[in-house]
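# Commentary on secondary and tertiary structure
Chain by chain, the residues run as shown.
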Amino acid sequence: MKRLINIFFNDNIKSLKAYIKTKELFEKKGFEVSQKYREEAELNICIGGDGAFIRGVHNSNFPKIPFVGINTGTLGFFQEISFDKIEKFIDDYLEQKYFVEKIRLLDCDLKTNDIVFTNKCLNDFVIKSNNSEVIHLDIFIDENHLETFAGDGLIISTPSGSTAYNMSAGGSIMYPTLRGFQLTPLAPIFSKVYRTISNSLVIPDTSTLKIVPLENQHKKISFVIDGIEKDYTDVEYFEFKKSLFKLYKLVFNENWYWINMKDKFL
């Protein structure tokens with residue numbers, strides 16, 4: 001049987017060109033290429049920007065098959081391979097000149113109407129009001145009440161997601177392999193009536209974060225999972241903890257994270 005590669009790409013013209021080029025080069029090496037996720041493949045390639053990478057991960061349900069990204073977008077923080085380095089990438093892949101990075105994921109159990117929905121994220125979860133009103137949320141860490149939050153909302157991000165929405169909201173940058181996750185407030189209200197921590201809070205991955213909407217907020221919750229927004233009614237609580245799943249990503253340059261950090265942000 002031929003070795004199989006899954007390739008996902010967005011509708012960008014440059015992404016289509018990258019797909020055609022990558023497919024032809026792999027097929028010349030004797031591989032079979034699929035545009036749809038197939039569980040017998042040995043590698044998932046996502047072509048586009050970070051959005052294409054995240055969609056590829058979610059659409060294939062966080063498999064153990066490793067991922068790598070070819071960047072044809074603007075930021076491309078997950079996408080290590082540039083368009084003009086596709087041939088070198090394939091040669092390096094065949095010669096196994098890479099290591100596999102295990103990216104930590106975050107789980108959230110959302111309870112509403114006696115039903116529990118379990119979700120995983122690569123970057124972040126966001127809780128906010130679905131009608132632009134101030135949202136009020138009780139925050140518990142390991143069953144200890146920390147605060148009653150009032151503001152636009154909360155971001156709960158993984159280390160790999162710390163450079164996304166979290167950073168834009170003033171959160172800290174965490175190296176992807178660090179064991180923990182981050183709680184970052186969105187426009188918190190700080191007054192004599194409302195007292196809240198205005199900085200981001202790094203929580204160890206041995207802890208559980210529970211967020212409970214105040215009673216009058218139950219019907220006004222918007223929940224965003226890696227950029228995918230859903231509205232819920234009668235939410236009883238959100239519970240966040242480390243996932244048993246990990247994302248496996250190929251890395252070809254051991255200094256990639258710091259090179260990428262400087263290239264994208266400085």
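My aim in this report is to walk through the structure given alongside it, one point at a time.

## Here's the deal with the overall build of the chain
In terms of helices and strands, the chain carries five helices and 17 strands. Dimensions of the chain along its principal axes, counting C-alpha atoms only, are 65 × 40 × 35 Å. A total of 266 residues make up the chain; the buried ones form 50% of that total. In the chain, once contacts between residues fewer than 6 apart in sequence are set aside, the share between residues at least 24 apart is 70%. About 13,400 Å² of surface is accessible on the chain, with carbon and sulfur atoms providing 50% of the total. Side-chain charges in the chain split into 33 positive and 35 negative, and the spacing between the mean points of these groups amounts to 5 Å.

## What about helix α5 (residues 256–265)?
For α5, the complete set of buried residues consists of Trp-256, Tyr-257, Asn-260 and Met-261. Angular distribution of buried residues about the axis of α5 spans 130 degrees; they occupy a single face of the element. Among the exposed residues of α5, those pointing more than 90 degrees away from its buried face are Trp-258, Lys-262 and Asp-263.

## Here's the deal with helix α2 (residues 50–59)
By the burial criterion, the buried members of α2 are Asp-50, Ala-52, Phe-53, Ile-54, Gly-56 and Val-57. Taken together, the buried residues of α2 touch β1 (4–9), β3 (43–48), β4 (67–71) and β17 (235–251).

## Regarding the environment of Leu-247
Note that Leu-247 resides in strand β17. With 183 residues separating them along the chain, Leu-247 and Lys-64 place their C-alpha atoms 6.9 Å apart. Ignoring sequence-local partners within four residues, the contact set of Leu-247 consists of Phe-53, Val-57, Phe-67, Glu-101, Lys-102, Ile-103, Leu-105 and Leu-122.

## Topic: the layout of surface pockets
A volume near 290 Å³ is recorded for the largest pocket. Taken together, 18 residues line the largest pocket, and the ones lying closest to its centre are Asp-50, Gly-51, Ile-54, Asn-123 and Asp-226. With six residues, α2 is the largest single contributor of residues to the lining of the largest pocket. For the lining of the largest pocket, the class distribution of residues is seven nonpolar, seven polar and four charged.

## So, unusual backbone geometry
Of note in this structure, Asp-114 is not a glycine but carries a positive phi near 65 degrees. Along the polypeptide, Asp-114 turns up in the loop between β6 (99–112) and β7 (115–121). Despite not being glycine, Asp-142 has its phi angle at roughly 50 degrees, a positive value. Position of Asp-142 among the secondary structure elements: in the loop between β9 (135–141) and β10 (144–151). When its relative accessible area of 39% is taken as the criterion, Asp-142 is described as partly exposed.

## A few points about the packing of aromatic side chains
Inspection of every chain in the model, using the stated rule, returns 19 aromatic pairs. Seen from their ring centres, Phe-26 and Phe-89 are 6.2 Å apart, and the 75 degrees between their planes marks the pair as edge-to-face. Here Phe-26 is found in helix α1 (residues 13–28), whereas its partner Phe-89 is found in helix α3 (residues 86–94), with 63 residues between them in sequence. Accessibility assignment for this pair places Phe-26 and Phe-89 in one class, buried.

## Focus on the sheet that holds strand β8 (residues 124–129)
What the six strands build is an open sheet, ordered β13-β12-β11-β8-β15-β16; its pairing is antiparallel. In this open sheet, the two strands that pair with only one neighbour each are β13 (201–204) and β16 (228–232). Averaged over all pairs of adjacent strands, the angle between strand axes in this sheet comes to 20 degrees, irrespective of strand direction. Across five bridges, the pairing between strand β11 (residues 153–157) and strand β12 (residues 180–186) is antiparallel. Bridged to Ile-155 within β12 is Thr-184.

## Things to note about the side chain of Ser-34
Mapped onto the elements of the fold, Ser-34 is located in strand β2 (residues 32–34). Polar contacts involving the side chain of Ser-34 include one to the main-chain carbonyl oxygen of Lys-36, which spans 2.7 Å. Residues in contact with Ser-34, not counting those within four places in the same chain, are Leu-4, Ile-5, Asn-6 and Ile-7.

Each value, and the rule that gives it
Each chain carries its own residue numbering, running from 1 in the direction its sequence is written. Per-residue local features are limited, in this predicted model, to residues with pLDDT of at least 70; the limit for side-chain atom pairs, both in listing and counting, is 80 or more; totals at the level of whole chains, interfaces and linings are taken over all residues. Only hydrogens and water are set aside when side-chain values are computed; all heavy atoms of the structure are taken into account. Numbering of helices and strands runs from the N terminus; a helix is a DSSP stretch of H or I covering at least four residues, while a strand is a stretch of E covering at least two. Summary of the burial criterion: residues with accessible area below 20% of their type's maximum are buried, those above 50% are exposed, and those between are partly exposed, where the area comes from a 1.4 Å probe applied to protein chains only. The criterion used for residue contact is that any of the two residues' heavy atoms lie within 4.5 Å. Where accessible areas are quoted, they stem from the Shrake-Rupley method and a 1.4 Å probe; at the residue level, only the protein chains shown are allowed to cover. A residue counts as positive if it is Lys or Arg and as negative if it is Asp or Glu; His and the chain ends are not included. Taken as the charge location is NZ of Lys, CZ of Arg, CG of Asp or CD of Glu. The arc in question is traced by the directions running from the helix axis to the C-beta atoms. Every definition here rests on a 1 Å grid over the protein atoms only: cavities are sets of points where a 1.4 Å probe fits but cannot get out, pockets are open sets enclosed by protein on both sides within 12 Å along at least five of seven lines, and lining residues have some atom within 4 Å of a point. Grid points are joined across faces, edges and corners, and a volume is the space filled by probe spheres set on the points. Charged residues are taken to be Asp, Glu, Lys and Arg, nonpolar residues to be Ala, Val, Leu, Ile, Met, Phe, Trp, Tyr, Cys and Pro, and polar residues to be all remaining types, Gly included. For Phe, Tyr and Trp, rings pair up if their centres lie within 6.5 Å, where Trp contributes its six-membered ring, and each pair is then called stacked (planes under 30 degrees apart), edge-to-face (over 60) or tilted (otherwise). For two strands to be treated as a pair, DSSP must find no fewer than two bridges joining them. Structural elements are reduced to axes, namely lines fitted to C-alpha atoms, with helices fitted over the stretch in contact, and the angle between N-to-C directions of any two is expressed from 0 to 180 degrees. Identification of polar contacts relies on pairs of N or O atoms within 3.5 Å, with a donor-acceptor requirement for protein atoms, meaning one able to donate a hydrogen and the other able to accept it, and with residues adjacent in sequence counted only if both atoms are side-chain atoms.

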